[in-house]
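# Structure assessment
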Amino acid sequence: ERQRYPGETVDIVKSAFTGGVVGWVYGGLPAFYHGRKAFIEGSHGELFQNRADAVQSAHRAGLRSFIRYGWRWSWRVAAFVTIFNMVSTGLTVYRNKTTISNFASAGAFTGALFRMHLGLQGLAGGFVFGTAFGIPAGGLLMIMQKLAGETLQEKRNRERRELYEQKLAEWQSRLSVTKVLGQTESNAQGGPETETARES
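Just so you know, these numbers come straight off a predicted model, no measurement behind them.

## Looking at the packing of helix α1 (residues 7-42) against helix α2 (residues 51-95)
Contact pair α1 / α2: the axes reach a minimum separation of 4 Å and the direction vectors enclose 155°. Taken together, the axes of α1 and α2 lie roughly antiparallel to each other. Where α1 crosses over α2, the two elements pack in a sense that is right-handed. Considering only residue class, the contact of α1 with α2 consists of 23 nonpolar, 16 polar and two charged.

Right, dumping it as structure tokens:
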């Protein structure tokens, strides 16, 4: 009945998972082909029992590369997406409006964070790259929300209003039950008093 986590938190977790999968595929597929090709080129002198054994060995080499390089890209993309979404969602909730500047700021912060180990020049480059990435990403998200018919802010306001109306209805039903119990109790107390008055 009650949601354990806010919708924004669930969206951040979903986007982090999606970013991780996309990063794994992006880094893993080229590494798979390169690792397989390097194994084939480097194993001309090896003896295999049969053709299937050779193909299986090449695939294993490619799979090792897929896992190794896919993981390297996966956690980086997932971290980038998570930080970007946390900052943009935080700004949207704080300002109570969705604007392109939220996404540009989130991209600039995330890009600068990822490049600050390269010094001031890397920090500035990451800032520019992040801003250039954040503006189209934010625009795309805002367009998708408009096409869906309801922005995140409108959805949040609607859910807040529905929750308020539900709590108000529950409170009014409890209040009416309290009134009925109060009347029943006063009727029950009034009954013995009238009987004792009649006896005297």
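Here the narrative resumes, following the displayed structure.
## Let's talk about the packing of helix α3 (residues 100-115) against helix α4 (residues 120-148)
At a closest axis distance of 6 Å, the pairing of α3 and α4 adopts a crossing angle of 145°. The chirality of how α3 crosses α4 is right-handed. Contact residues: I100, F103, A104, G107, A108, G111, A112 and R115 in α3; G122, L123, G126, F127, G130, T131, G134, I135, G138, G139, L141 and M142 in α4. Along the lines of polarity and charge, the residues of the contact of α3 with α4 split into 10 nonpolar, nine polar and one charged.

## Some points on the environment of G35
Along the chain, G35 falls in helix α1. Classification of G35 as buried rests on a relative accessible area of 12%. In sequence terms G35 and H59 are 24 residues apart; their C-alpha atoms lie 8.7 Å from each other. The residues contacting G35, other than those within four sequence positions of it, are A61, G62 and S65.

## What to know about the side chain of N102
Among the structural elements, N102 can be located in helix α3. Classification of N102 by relative accessible area gives buried; the value is 0%. Polar side-chain contacts of N102 include one of 2.6 Å to the side chain of R95. What N102 contacts, discounting residues up to four positions off in sequence, is S88, L91, T92, R95 and K97.

## Side note on a positive patch on the surface
Taken together, the side chains of R60, R64, R68, R72 and R76 make up a positively charged region of the molecular surface. Looking at the secondary structure, you find R72 in helix α2.

## Regarding the side chain of S65
As for its position among the elements, S65 is in helix α2. Looking at S65, the relative accessible area reads 9%, which means it is buried. The contact partners of S65, leaving out residues within four places of it in the chain, are A31, F32, G35 and G70.

Each value, and the rule that gives it
Residues numbered from 1 in each chain as written. Predicted model: local features only at pLDDT ≥ 70, side-chain atom pairs only at ≥ 80, totals over all residues. Heavy atoms only, no water. Axes fitted to C-alpha atoms, helices over the stretch in contact; angles between N-to-C directions. Helix = DSSP H or I, 4+ residues; strand = E, 2+ residues; numbered from the N terminus. Parallel < 35°, antiparallel > 145°, perpendicular 65-115°, else oblique. Left-handed = near helix turned anticlockwise from the far one by under 90°. Nonpolar A, V, L, I, M, F, W, Y, C, P; charged D, E, K, R; others polar. Contact = heavy atoms within 4.5 Å. Buried < 20%, exposed > 50% of the residue type's maximum accessible area, 1.4 Å probe, protein only. Polar contact = N/O pair within 3.5 Å; in protein donor to acceptor, adjacent residues only side chain to side chain. Patch = residues over 30% accessible without salt bridge, like charges linked within 9 Å, V, L, I, M, F, W, Y side chains within 5 Å. Areas by Shrake-Rupley, 256 points an atom, 1.4 Å probe, with all protein chains shown as cover. Salt bridge = Lys/Arg side-chain N within 4 Å of Asp/Glu carboxyl O. Lys, Arg positive; Asp, Glu negative; His and termini not counted. Charge placed at Lys NZ, Arg CZ, Asp CG, Glu CD.

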